[in-house]
Amino acid sequence: MSERTLNNASLGQLSQEVIVPSYDRSQLRAGIVHLGIGAFHRAHQAWYTEQVQEDGSDWGIVAASLRSPTVRDQLAPQNYLYSVVEKSNDGEKVRVIGSVQDVYVAPESPRALLDALSREEIRIVSLTITEKGYCHHPSSGELNLRHPDIQHDLANPQAPKSALGFIVYALRERMQKGLPGFTLLSCDNLPSNGKVLQRVLFQFADQLEPEFADWVRENTRCPCTMVDRIVPATTDADRDALEKLLGVRDNAAVMAEPFSQWVVEDNFLRGRPAWEKAGATFVDDVEVYELIKLRLLNGCHSLLAYSGYLAGFETIADVMQEPAFAALAERFLADEASAAVEAPADFDLAAYRGQLLERFANRALKHRTWQIAMDGSQKIPQRWLGTLRHQLHNGGSIELLCLALACWIRYVSAEDDAGKPIEVSDPLAQELKALCDANAGNPQKLAAAFLGFAPVFGEDLQKSEALQQALAAQLELLAKQGVLNTVRMQMEESLA
């Protein structure tokens, strides 16, 4: 393997098949600070920004990691260049991205990140911090004032830990300097993500001076967005294969499917890049697009992830190779998920479902079931419970939603179908495991205990006797015959 890395010097030596920046990177001006520079941001918002720059824009991105120096350490030796590799069953397409100019590591120097956020030229602060990064109660959307990071930030304004802490204290410094505020652009998978961000932002600001809280309300905008692209974790095998193509090593490369979608509420305080030139859609109301994506794509993705992982499948494409799981995905999308959305008149919901099934079956995209299963307590309120409430209210089917919940409960018990231990990655893992242990062997009590767990399920769902019975029935089936046999049994009609 080559010892050379992707950087400014090697950029001109890449294969002509690789798309590289054709603009002068030195002319970019940082107008965006992005919090949470993981793989998704690099394959989505930075990818859109890159294409706009090819058309004459000068919006540059400075980014920050709020936890680990890993991405900074990958990007810095490469002059912040990296590749997006679009992988499909038909082959690959590689594009080198130059829109990121710098990366801060917040724990190393919180002051440096606050200074960056406080610069006048910063007009947009975007976020991909995952659901748990909002430090809110998922069931209510309210700020969790007892969250350890929030308590720390309220006591340490010069060295915050949370995204909210950095944003609020940077805004306070901007107010003190007589500078304008900025637009906060959430790009996380939360319904009404801009409204969620605005709510926790205002609630945090309310803990400080009243005049400052009023200023924040006047000097920020929080548009809602819907983001969609499957971006699995990059493996060493991915990097090795890319090195053979590039002739240089790219330690910051990200893998992605060809499909990408970005729907944005056009509500910006001080301008924005012309992302529509790269395919983004600007609308007055994002909500209907959010619900379609969350309840169909994300809801089905999580269903396949938990059931498939428990049954021993490593990737979503592997899961889709099993006819029973493919039938499960098709039925979930067509029946329970589609019943809970009202698509715009010009939106072909049937075609969208077919597109999702094709995307899930993309064998070139090795999206691990374990990765998708992470942080379920933060995800399933958005992905399943809104659909579940809709179905209960309207007397619709809840069979597959209860199967999904039963698989998640089995997952957080920390044992798979073969009785092997599972590494559960979830901020509430200990509490959820305790519920499983306390009610082991009794599906009725287990169902009741989980539906009564307010941090995830709220206060209302435990009141539904029909839901409790349906969930208990699915838990009993899983305990007796395992996930794969349960899915096969319930999909018999579809497979006949």
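For the structure, check the block above.
Residues numbered from 1 in each chain as written. Predicted model: local features only at pLDDT ≥ 70, side-chain atom pairs only at ≥ 80, totals over all residues. Heavy atoms only, no water.

Participant: How should the sheet that holds strand 10 (residues 254-256) be read in this particular structure?
Facilitator: On the basis of which strands lie adjacent, the open sheet formed by three strands has the order 4-3-10 and mixed pairing. Lying at the two open borders of the sheet, with one neighbouring strand each, are strand 4 (91-97) and strand 10. Taking each pair of neighbouring strands and ignoring which way they run, the sheet shows an average axis angle of 25°. Sheet strands touched by helix 2 (residues 45-53): strand 3 (82-88) and strand 4. Its angle to strand 4, the strand with the most contacts, is close to 70°. (Pairing = 2+ DSSP bridges. Helix = DSSP H or I, 4+ residues; strand = E, 2+ residues; numbered from the N terminus. Axes fitted to C-alpha atoms, helices over the stretch in contact; angles between N-to-C directions. Contact = heavy atoms within 4.5 Å.)

Participant: For this particular structure, what's the right way to read the pattern of salt bridges?
Facilitator: Two side chains that carry opposite charge are able to pair once their charged atoms sit near each other. Going through the model one piece at a time under the given rule, you end up with 27 salt bridges. The residue Arg-229 makes a salt bridge to Glu-86 at a minimum N-O spacing of 3.1 Å. Of this pair, Arg-229 sits in the loop between strand 9 (225-228) and helix 9 (236-246) while Glu-86 sits in strand 3, and the two are 143 residues apart along the sequence. According to the relative accessible area criterion, Arg-229 is buried, its value standing at 5%. What makes Glu-86 buried here is its relative accessible area of 11%. The salt bridge partner of Glu-257 is Arg-359, with a shortest N-O separation of 2.5 Å. Note that Glu-257 is positioned in the loop between strand 10 and strand 11 (261-265) and Arg-359 in helix 13 (residues 349-360), a separation of 102 residues in sequence. Taken individually, Glu-257 and Arg-359 each receive the classification buried, so the pair is uniform in this respect. (Salt bridge = Lys/Arg side-chain N within 4 Å of Asp/Glu carboxyl O. Buried < 20%, exposed > 50% of the residue type's maximum accessible area, 1.4 Å probe, protein only.)

Participant: How should the side chain of Glu-336 be read in this particular structure?
Facilitator: Looking at where Glu-336 falls in the secondary structure, it is placed in helix 12 (residues 323-339). As a buried residue without a salt bridge, Glu-336 has its nearest oppositely charged side chain in Arg-331, at a separation of 5.8 Å. Within the structure, the side chain of Glu-336 is placed 2.9 Å from the side chain of Ser-397, a separation counted as a polar contact. At a separation of 2.8 Å, a polar atom in the side chain of Glu-336 contacts the main-chain amide nitrogen of Leu-400. (Lys, Arg positive; Asp, Glu negative; His and termini not counted. Polar contact = N/O pair within 3.5 Å; in protein donor to acceptor, adjacent residues only side chain to side chain.)

Participant: How should helix 4 (residues 110-117) be read in this particular structure?
Facilitator: Count 3.6 residues to each turn of an α-helix, and residues three or four apart come out pointing the same way. For helix 4, every residue scored as buried is listed here: Pro-110, Leu-113, Leu-114, Ala-116 and Leu-117. The arc that holds the buried residues of helix 4, viewed along the axis, is 160°, so those residues lie on one side. Summarising the contacts, the buried residues of helix 4 are in contact with strand 1 (29-35), strand 2 (59-65), strand 5 (100-105), strand 6 (124-127), helix 6 (163-177) and strand 7 (182-186). (Arc of directions from axis to C-beta.)

Participant: Which parts of the structure should I look at to understand the nonpolar core?
Facilitator: One recurring pattern in soluble globular proteins: nonpolar side chains tend to sit buried together. In terms of nonpolar packing, the biggest core is built from 72 residues, with Trp-408, Tyr-411, Phe-450 and Phe-457 touching the most fellow members. The element best represented in this core is helix 16 (residues 399-412), accounting for 12 residues. Every residue in contact with Tyr-411, bar those within four places of it in the chain, is listed here: Tyr-306, Tyr-309, Leu-310, Trp-370, Ala-373, Ile-422, Glu-423, Val-424 and Ser-425. Within the second largest apolar cluster, 44 residues are counted, among which are Val-62, Ala-106, Ala-116 and Cys-222. (Core = buried A, V, L, I, M, F, W, Y, C linked by side-chain atoms within 4.5 Å.)

Participant: Looking at this structure, I do not really get unusual backbone geometry. What am I missing?
Facilitator: As a rule of thumb, non-glycine residues mostly have phi less than zero, and peptide bonds are mostly trans rather than cis. One non-glycine residue, Asp-375, lies in positive phi territory at about 60°. Along the chain, the position of Asp-375 falls in the loop between helix 14 (369-373) and helix 15 (376-394). Given the relative accessible area of 7%, Asp-375 is considered buried. In the Ramachandran plot, Ala-414 falls in the positive-phi region, its phi being about 75° despite a non-glycine side chain. Following the sequence through the fold, Ala-414 ends up in the loop between helix 16 and helix 17 (429-438).

Participant: Got a minute to help me understand the sheet that holds strand 9 in this structure?
Facilitator: Note on sheets: strands pair through backbone hydrogen bonds, and any given pair is parallel or antiparallel. Strand order in this open sheet of three strands is 9-11-12, and the pairing throughout is mixed. A single partner strand is all that each edge strand has here, and the edge strands are strand 9 and strand 12 (281-283). On average, each strand axis in the sheet is inclined to that of its neighbour by 15°, with strand direction left out of account. Judged from the three bridges that link them, strand 11 and strand 12 form a sheet pairing that is parallel. Bridge pairing in strand 12 links Val-263 to Thr-281. Strand contacts of helix 10 (residues 287-310): strand 9, strand 11 and strand 12, with the helix running at about 35° to strand 9, the strand carrying the most contacts.

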